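# Coordinates in review
One-letter residues, chain by chain:
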Amino acid sequence: MQLDLVTSLYVFLLAAFIGFEVIRRVSPLLHTPLMSLTNALDAIAVVGAIILAGEGRSNMAKILGTIAIIAATSNIVGGFMITDRMLKMFKASGPRKP
Amino acid sequence: MFASENILEITYLIATALFVLSLKWLSSPITARRGVWAGEVGMLLAIAGTLLHKGIVDYRWIAIGLVLGTIIGVPLGRVAMTAVPQRTALSHAFGALCVTLVGTAEFYLRAPNVPQFMMGVLSLEVILGSLTFTGSLMAAGKLQEVLPQRPITYKGQNLVNLALLAVAIGIGVALVMHPDKTYLFPFMIGIPLAFGVMMIVPIGGADMPTVISLLNSYAGLSAAAMGFVLGSKLLIVAGALDGASGFILSVNMSKAMNRSFTNVLFGAFGQEQVTVAGTTETRPVRSASPEEAAGILAAASKVVIVPGYGMAVAQAQHKVRELYDALTKRGVDVKFGIHPVAGRMPGHMNVLLAEADIPYDKLLEMDDINGDFPQTDVALIIGANDVTNPAAREDQGSPIYGMPILDVDKAHTVMVIKRSMGAGFAGIENPLYYMDRTLMLFGDAKNFVGSIVRELSGGHS
């Protein structure tokens, strides 16, 4: 499946606008988790690496694809884990548990 | 179109929606964890859908990659909160590595018949990917202190860097014109790799929040470019979201440090530090003991604590939380004023304080707390310096003039916990310390706060 330049640019443009509007509303309180979360989401690049390693069109594609999968997967696993760990720590004031 | 293709496209569509929702839910700490969940579900769907892709003939390498990636990822998800900045820089490097490797493989699979449009975005992908890879590794090394944190500068540095970048872009353009000249491709990777190193060499520790944000933006843009190459809308969207996020954070950080945006875009950091030569002040300062400090704090009704990176270095956040508890128990209203560049990455200070169990509704941003200082009895500064320097507001000759600061000097009493009278990272004198209503509390942050807490709990109650 191949997209043409114009369609790709439309998708990029709209996503960038949505990104700006959504992320502008993220409280500065959560900017560190924001960065680790977007980093994990960005690792969706793993799908490209999976196809590269799995289709096996050349040995180089297999090797580079596999290393790329390792890099992206570590971002997915580590990124979601640390984001959740950080967010768990944010508690509102109120009656403190004993 | 085959049915399985449709199913794959639909899983990608759902994943795209979940990714946007994920960031939307991050807008408030109440819904934020749902955001992580949405992101995880979207990610699983997209990966599962891809694994069913009909073109995949060999699953062995994929399995090895996923298993090894998980083995590396788990410890990276468990690092200490103080180490989050270097972990983040490292993950930018991994993301960029993935994008660069996929781009490289795609080029050699397609060469010499690469359409011009595709070669253009492929060049962008590989150039941004490689420079982000080495740049982020350098940043992670400096943050982890395995590399010297001191900025290394030399004459004509910007010229060299710009020339490197220009050559890389030139090669990219040449490849767009003549995609059959495959021997050019390794240079299009190698030169940006070198540029990434050179770009971070002149940057000091205090500029890291801006640098990490900028690298975040580059990583996102390179992933979006990869989406263009592979024709993946999902990847374009994820890359655009990441790029936008990094861009917004970079702008925030550059505003908070009073740098122009072009200054940030061209990576020209850490060069305004013209050390003020030998003007060490000999004016007297007033200092106080933990007992005196405890007495003043106990008598206050409104206290604002301003933490800086020094607090984290001294590992004082848990003692600060005890101080918060002791004062709150006495009915003192305690809030925290957080400067945007406090810490080593955007929002880092909030995470460190949240880890110490300080409620997030007590952590206020600079713009929200600044109006409160004139009605504040005590402003207690722990490990922060330049972000409280009134010279940024008043002294046009000061190197940090124009930088937005926390107006602690407007509080009735200012207390500063500090090891000695040495100047801050920028080597700039802070007139705050010589004010009549300022008390200097000399000592290690952790010990000093601990002594105040002992006084407060042992003294009267």
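Rules used throughout
- The numbers attached to residues start from 1 for each chain and follow its sequence in the written order.
- Each chain takes a letter, starting from A, and each ligand takes a number, starting from 1, following the order in which they are written.
- Restriction of local features to residues with pLDDT of at least 70 applies here, the model being predicted, together with a cutoff of 80 or more for giving and counting side-chain atom pairs; totals for whole chains, interfaces and linings are based on all residues.
- Under the scheme used here, helices are H or I runs from DSSP no shorter than 4 residues and strands are E runs no shorter than 2 residues, and both carry numbers assigned from the N terminus.
- To get the radius of gyration, use the C-alpha atoms; to get the globule rule, take the number of residues to the power 0.38 and multiply by 2.2 Å.
- The contact rule is simple: place each C-beta atom from the backbone, and if two of them lie within 7 Å, those residues are in contact.
- An automatic or database domain assignment supplies the start and end points of every domain.
- Following the grouping adopted for this structure description, the nonpolar residues are Ala, Val, Leu, Ile, Met, Phe, Trp, Tyr, Cys and Pro, the charged ones are Asp, Glu, Lys and Arg, and the polar ones are all others, Gly among them.
- Exposure in this text rests on C-beta crowding, where 20 or more other C-beta atoms within 10 Å of a residue's own make it buried, 12 or fewer make it exposed, and counts in between make it partly exposed. The C-beta atoms are placed from the backbone.
- By this definition, two strands are paired if DSSP reports at least two bridges between them.

## Looking at the overall build of chain A
- Per the secondary structure count, chain A includes four helices and zero strands.
- Relative to the compact-globule value of 13 Å for 98 residues, chain A shows a C-alpha radius of gyration of 19 Å, a clear excess of over 25%.
- Taking the principal axes of its C-alpha atoms as reference, chain A extends roughly 60 × 35 × 15 Å.
- Nonlocal contacts in chain A, meaning residues at least 24 apart in sequence, comprise 60% of its contacts between residues at least 6 apart.

## Some words on the domain arrangement of chain B
All names here are of chain B.
- Taken domain by domain, chain B consists of domain 1 (96-265) and domain 2 (290-459).
- Each of domain 1 and domain 2 has a C-alpha centre, and these two points are 38 Å apart.
- Residue-level contacts link twelve residues of domain 1 with ten residues of domain 2.
- Among the secondary structure elements, those contributing two or more residues to the side of domain 1 that touches domain 2 are α8 (208-230) and α9 (233-256).
- Split by residue class, the side of domain 1 that touches domain 2 holds nine nonpolar, three polar and no charged.

## So, the pairing of strand β4 (residues 378-382) of chain B
Residues and elements named next belong to chain B.
- In terms of burial, β4 is a largely internal element, five of the five residues being buried.
- Side chains Val378, Leu380 and Ile382 project from β4 onto one buried face, and the interleaved Ala379 and Ile381 project onto a second face that is buried too.
- Relative to β4, strand β1 (residues 302-307) is paired through five bridges, and the arrangement is parallel. Bridged to Pro307 within β4 is Ile382.
- Two strands pair when backbone bridges link them, and β4 and strand β5 (residues 413-418) are joined in this way by five bridges, in the parallel orientation. The partner of Leu380 across the bridge, within β5, is Met415.

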